[in-house]
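# Results of the structural survey
Spelled out, the chains give:
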Amino acid sequence: MKKSIMLVIGILLLCAFRFDDSPLKGVWEYRGGIINGKLDAAPTAYKLQRDYDNEHYKARVIEEGEKTVVYEKGDYQLKEDTCFETQTYCMQESKLLNKTIKYNYTISNDTLKLLSILPNGNKVEDYWVKVK
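Below you will find a few notes about this structure. (Residues numbered from 1 in each chain as written. Predicted model: local features only at pLDDT ≥ 70, side-chain atom pairs only at ≥ 80, totals over all residues. Heavy atoms only, no water.)

### Points about the pairing of strand S4 (residues 56-62)
Threshold: Note: two strands are recorded as paired if DSSP finds a minimum of 2 bridges between them. The secondary structure listing takes helices from DSSP runs of H or I that are at least 4 residues long and strands from runs of E that are at least 2 residues long, numbered from the N terminus.
Judged from the 6 bridges that link them, strand S3 (residues 47-52) and S4 form a sheet pairing that is antiparallel. Note that in S4 the partner of Lys-47 across the bridge is Ile-62. Hairpin connection, S3 to S4: the antiparallel pair is bridged by 3 residues. Two strands pair when backbone bridges link them, and S4 and strand S5 (residues 69-79) are joined in this way by 6 bridges, in the antiparallel orientation. Considered in S5, the bridge of Tyr-57 is made with Gly-74. What sits between S4 and S5 in their antiparallel hairpin is a turn of 6 residues, with Gly-65 showing a positive phi close to 80°.

Pasting the structure below:
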C-alpha cells in the first residue's frame, strides 16, 4: 500500500514539471534581413549569434582573432507565434533597454524569422540559422 501511494505521489510530482524546451533553445546565427523594405546583408567580417535558453538570450559578436563580445542580453517569453523580448543589458546606449518588443516568429527547418515594428517605427524582418 505504501509503495502504491509513493508511486502515485511520484507520478504526480513528475507531472507538475514541464520538460518541453523552448523552440528557440540553441545558438542562432544572423543571416541577414530586411529593414524598412531594404535588404540588410549579414556581415562578412564577423558573425552575430544569439544563444537562447528557455527564458533568456544573449547576443554576441564573434570576430576571428578577437575575444567574443556579448553586446546584449535579455529575457523572452513565447505565446503562440509571438516572442516578447525584453533587453536587460546592452553594451551601448539603447532606447530599448528594459522595454519589451513584440516579434512574430516562425521556424522553418533550421531558420528563425523574426518580424516586428520597432518603437522607432522601423519595420524589421531578421533571419537567423540554427548552428547548435
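### Describing the side chain of Gln-49
Operational definition: What qualifies as a polar contact is a pair of N or O atoms within 3.5 Å, subject to a donor-acceptor requirement within protein and to the restriction that residues adjacent in sequence count only when both atoms come from side chains. Contacts: residue pairs with any heavy atoms within 4.5 Å of one another.
Position of Gln-49 among the secondary structure elements: in strand S3. Only 2.9 Å separates the side chain of Gln-49 from the side chain of Glu-29, close enough to count as a polar contact. Look past the residues within four positions of Gln-49 in its chain and what remains in contact with it is Val-27, Trp-28, Glu-29, Lys-58, Ala-59, Arg-60, Ile-62, Trp-128 and Val-131.

### Considering the pattern of salt bridges
Here is the rule we go by: One speaks of a salt bridge when a side-chain nitrogen belonging to Lys or Arg is within 4 Å of a carboxyl oxygen belonging to Asp or Glu. Burial classification: accessible surface area is computed with a 1.4 Å probe over protein chains only, and a residue below 20% of its type maximum counts as buried, one above 50% as exposed, and the rest as partly exposed.
In total, this model carries 5 salt bridges according to the counting rule given. Arg-31 is paired through a salt bridge with Glu-29; the nearest N and O atoms lie 3.1 Å apart. Residue Glu-29 is classed as buried on the basis of its relative accessible area of 9%. Two residues, Arg-50 and Glu-85, come together in a salt bridge whose shortest N-O distance is 2.8 Å. Residue Arg-50 is located in strand S3, and its partner Glu-85 is located in strand S6 (residues 82-90); the two are separated by 35 residues in the primary sequence. Assessed through its relative accessible area of 8%, Arg-50 is described here as buried.

### What to know about a nonpolar patch on the surface
Filter applied, for reference: What goes into a patch is any residue over 30% in relative accessible area without a salt bridge, connected to like charges within 9 Å or, for nonpolar side chains (Val, Leu, Ile, Met, Phe, Trp, Tyr), within 5 Å. Per-residue accessibility takes into account occlusion by the displayed protein chains alone, with areas from the Shrake-Rupley method and a 1.4 Å probe.
Among the surface-exposed residues, Val-69, Tyr-89 and Met-91 lie close enough to one another that they form a single nonpolar patch of about 250 Å² accessible area. Structurally, Tyr-89 can be placed in strand S6.

### Some remarks on the environment of Tyr-57
One can find Tyr-57 in strand S4. Classification of Tyr-57 as buried rests on a relative accessible area of 3%. Sequence spacing of Tyr-57 and Gln-87 is 30 residues, and the spatial spacing of their C-alpha atoms is 9.0 Å. Apart from the residues within four sequence positions on either side, Tyr-57 is in contact with Arg-50, Asp-51, Tyr-52, Glu-72, Lys-73, Gly-74, Asp-75, Tyr-76, Glu-85, Thr-86 and Gln-87.

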